[in-house]
Amino acid sequence: QVQLVESGGGLVQAGGSLRLSCAASGRTFSSYAMGWFRQAPGKEREFVAAISWTGGNTYYADSVKGRFTISRDNAKNTVYLQMNSLKPEDTAIYYCAAVFIEGPITPAQAMGPLTYDYWGQGTQVTVSS
């Protein structure tokens, strides 16, 4: 069992930056691929970014590529999402997710919410124009 707790959300002006953190507890964090998803009001949950268990592979949604960076620190059991050049359309609840995969994760696996077994409670990000 893995417990995930997100933090770092808040209100920021367009063009600003935020760094989200997801702290994991429970089983061996380094054996898990991690993902970030988001859900805006009235919309379905969508993929944002993912990172393999070693951090060697990362994947991004086209809408955030070049602006967001996912990283992980296995010593701290934490995954991060650095968000730069934020836009009002980035406003959403951001969720951290985990799946036990000791090996490469394919893009299709990374981007699919059904891949992930564990989810955090979410953190609100609001970008004002």
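Below is a short write-up of the structure. Since we're looking at a predicted model, the values are computed, not measured. Numbers given for residues are sequential positions, taken from 1 along each chain in its written order. Where local features are concerned, this predicted model is filtered to residues with pLDDT of at least 70; where side-chain atom pairs are given and counted, the filter is 80 or more; whole-chain, interface and lining totals use all residues. Here the side-chain values reflect all heavy atoms present in the structure, with hydrogen atoms and water set aside.

Description of the state of the cysteines
Throughout, disulfides are identified as pairs of cysteine sulfur atoms within 2.5 Å of each other. For the structure on display, the rule yields 1 disulfide. Residue pairing for Cys 22: its cysteine sulfur links by disulfide to Cys 96, the two sulfurs lying 2.1 Å apart. Linking Cys 22 and Cys 96, the disulfide has an S-S dihedral of approximately -80 degrees and is accordingly described as left-handed. Of this pair, Cys 22 sits in strand 3 (residues 18–26) while Cys 96 sits in strand 9 (residues 92–100), and the two are 74 residues apart along the sequence. The residues Cys 22 and Cys 96 share a single accessibility class, namely buried. Note on conventions: DSSP H or I runs of at least 4 residues are helices, E runs of at least 2 residues are strands, and numbering of each starts at the N terminus. The cut-offs for exposure are 20% and 50% of the maximum accessible area for each residue type, with area from a 1.4 Å probe on protein chains only; residues under the lower value are buried, those over the upper are exposed, and the others partly exposed.

A few points about the pairing of strand 11 (residues 123–128)
Only one face of strand 11 is buried: it carries Thr 123, Val 125 and Val 127, and the other face, with Gln 124, Thr 126 and Ser 128, is open. With 4 bridges connecting them, strand 2 (residues 10–13) and strand 11 associate as parallel partners. Bridge pairing in strand 11 links Gln 13 to Ser 128. At least two bridges found by DSSP between two strands is the condition for calling them paired. Where strand 9 and strand 11 come together, 3 bridges link them in antiparallel fashion. Along strand 11, the bridge assignment pairs Ile 93 with Gln 124.

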